[in-house]
Amino acid sequence: VYYTIWSPSLSKGALFRVPTLGGEPQKIKDDLNGQISFAPDGGRFVFTRSIGDFEAQMIIANADGTNEEKLLEAKAPDLLDSVAWSPDGNRIVYEGFSVFGSRLFEMQLEDRSTRQITDKVWCCGMHHLTWTRDGSSLIFYGSDRQGPGQIWQLEYPSGQVKQLTNDPEGFGLS
């Protein structure tokens, strides 16, 4: 089981692994932002890293944290956050954000080409990006306006977006 922790004593996020039957956690990687996503074969994962306040990188590494490879770099005002590796292993979807909002993009791993998936803009970030098992959609938490976040579905590759929840209280992140 892999999990991330951020605390003032770590100064940035850290990724840990613990055996499913218990045991001591093992630190796998320092210096990462929140969400990670594994390749379908489980051999590698993708994550983002902030470099100060004005630069971010999208990086892949082996499941044991070794062999980092930088896929993408962004500089302010455009930065990177949430990531999701596709079920077929051919692409990574990621959140690009700025003061103007968050948008979804994809990178084709074969040639590293990128494209914006949808024109929709979310104001307050996108969290927990997750592909459906068949790769036909992404599910995530976000807000398209000031106010409580909701759960959304983005059809792939069309980019059509559908709000799945409409709770006036929104949903907490955990």
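Each remark here, short or long, concerns the structure printed above.
For the structure given in this document, a descriptive report is provided here.

Calculation criteria
Residues numbered from 1 in each chain as written. Predicted model: local features only at pLDDT ≥ 70, side-chain atom pairs only at ≥ 80, totals over all residues. Heavy atoms only, no water. Helix = DSSP H or I, 4+ residues; strand = E, 2+ residues; numbered from the N terminus. Buried < 20%, exposed > 50% of the residue type's maximum accessible area, 1.4 Å probe, protein only. Areas by Shrake-Rupley, 256 points an atom, 1.4 Å probe, with all protein chains shown as cover. Lys, Arg positive; Asp, Glu negative; His and termini not counted. Charge placed at Lys NZ, Arg CZ, Asp CG, Glu CD. Polar contact = N/O pair within 3.5 Å; in protein donor to acceptor, adjacent residues only side chain to side chain. Contact = heavy atoms within 4.5 Å. Pairing = 2+ DSSP bridges.

On to the overall build of the protein. From N to C terminus, the protein includes zero helices and 14 strands. Reading the protein from its N end, one meets helices and strands in the order β-β-β-β-β-β-β-β-β-β-β-β-β-β. Over its C-alpha atoms, taken along the principal directions, the protein stretches across nearly 40 × 40 × 35 Å. Going through the 174 residues of the protein one by one, you find that 42% of them count as buried. A total accessible area of about 9400 Å² is found for the protein, and carbon and sulfur atoms account for 50% of it. Here the protein contributes 16 positively and 23 negatively charged side chains, and the mean placements of these two sets differ by 1 Å.

Position of Ser 37 among the secondary structure elements: in strand β3 (residues 26-38). Here Ser 37 falls in the buried class, since its relative accessible area comes to 13%. Among the polar contacts listed, one links the side chain of Ser 37 to the backbone nitrogen of Trp 85, at a separation of 2.8 Å. Not counting chain neighbours up to four residues away, the residues in contact with Ser 37 comprise Arg 44, Phe 45, Val 46, Val 83, Ala 84 and Trp 85.

Within strand β2 (residues 13-17), four of the five residues are buried, leaving the element largely enclosed by the surrounding structure. As judged from the four bridges shared by strand β1 (residues 2-5) and β2, these two strands associate in the antiparallel manner. When the bridges of β2 are listed, Ile 5 appears paired with Ala 14. Sheet topology places β2 next to β3; five bridges connect them, and they run antiparallel. Its bridge partner being in β3, Gly 13 is matched across the sheet by Leu 32.

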